[in-house]
Amino acid sequence: MNYAEIKNLDIANGPGLRVSLFVSGCTHHCKGCFNPESWNFNYGQPFTEATQEHLLELLENEHIRGLSGGEPFEPANQAALLPFLRKVRERFPEKDIWCYSGYNFEKDMLTGNLGPWEITEEMLSYIDVLVDGEFKLELKNPNLRFRGSENQRVILVQESLKADGIVQWDDGEGLSI
């Protein structure tokens with residue numbers, strides 16, 4: 001697996017200062033995508049152990065609130081990302097993990113349509129907040145926090161799994177974990 005970009009200090013993809021990892025490979029090809037070069041699974045740099053260690057070192061900063069990232073739920077990327085998510089959760093249980101995916105939480109992720117269910121299920125167990133749904137240019141709204149189009153939802157994953165229904169993040173005060 002390759003990654004397209006690492007942002008050491010990101011304020012656009014979740015509350016507070018964050019470290020963000022954008023992986024390469026996306027089959028959604030959303031019209032108006034801000035990062036179309038990342039659609040190619042071969043774009044960018046290899047996601048190596050050294051890359052993972054670099055990200056973990058960045059997360060050690062006490063001012064970093066958590067990890068964010070984009071399209072980890074592509075079936076081809078899940079197996080490579082799962083061990084990394086395990087490390088992040090084990091080493092930084094106090095930091096939150098936000099995920100951006102063009103896939104739909106109920107229709108794609110919870111139905112096992114994205115490859116081996118065991119991998120998707122374990123990935124979901126580490127994610128606090130999921131921004132789901134493809135970016136829709138005709139629904140673009142620059143006034144939305146942490147999402148680009150009005151069809152996208154900001155979902156509290158653990159709460160939704162427990163409630164057996166969607167629990168959305170409160171856009172008012174932010175998320176406290």
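In short, a report on the structure. (Residues numbered from 1 in each chain as written. Predicted model: local features only at pLDDT ≥ 70, side-chain atom pairs only at ≥ 80, totals over all residues. Heavy atoms only, no water.)

1. Side note on the nonpolar core
Moving on, step 1. In this structure, Leu21, Leu67, Phe73, Phe84 and Met109 are the most contacted members of the largest nonpolar core, which totals 32 residues.
Moving on, step 2. Top element by residues in this core is helix H2 (residues 75-91). It accounts for five residues.
Moving on, step 3. With near-sequence residues (within four places) excluded, Phe84 lies in contact with Leu21, Phe47, Gln52, Leu55, Leu56 and Leu67.
Moving on, step 4. Membership of the second largest hydrophobic core comes to eight residues, among which are Tyr100, Val129, Phe146 and Leu156. (Core = buried A, V, L, I, M, F, W, Y, C linked by side-chain atoms within 4.5 Å. Buried < 20%, exposed > 50% of the residue type's maximum accessible area, 1.4 Å probe, protein only. Helix = DSSP H or I, 4+ residues; strand = E, 2+ residues; numbered from the N terminus. Contact = heavy atoms within 4.5 Å.)

2. With respect to the packing of aromatic side chains
Moving on, step 1. Taken as a whole and assessed by the stated rule, the structure comprises five aromatic pairs.
Moving on, step 2. Here Phe22 and Phe34 contribute two aromatic rings whose centre-to-centre distance is 6.3 Å and whose plane-to-plane angle is 85 degrees, an arrangement assigned as edge-to-face. Of this pair, Phe22 sits in strand E2 (residues 17-23) while Phe34 sits in the loop between E2 and strand E3 (45-46), and the two are twelve residues apart along the sequence.
Moving on, step 3. On the numbers, 5.3 Å between centres and 75 degrees between planes, the contact of Trp98 with Phe146 is edge-to-face. Of this pair, Trp98 sits in strand E5 (residues 96-101) while Phe146 sits in the loop between strand E6 (129-132) and strand E7 (153-156), placing them 48 residues apart in sequence.
Moving on, step 4. You can call Trp98 buried: its relative accessible area is 1%.
Moving on, step 5. Chaining the aromatic ring pairs together yields one cluster made of Trp98, Phe146 and Trp169. (Phe/Tyr/Trp six-rings, centres within 6.5 Å; stacked < 30°, edge-to-face > 60°.)

Just distances and angles here, no functional claims.
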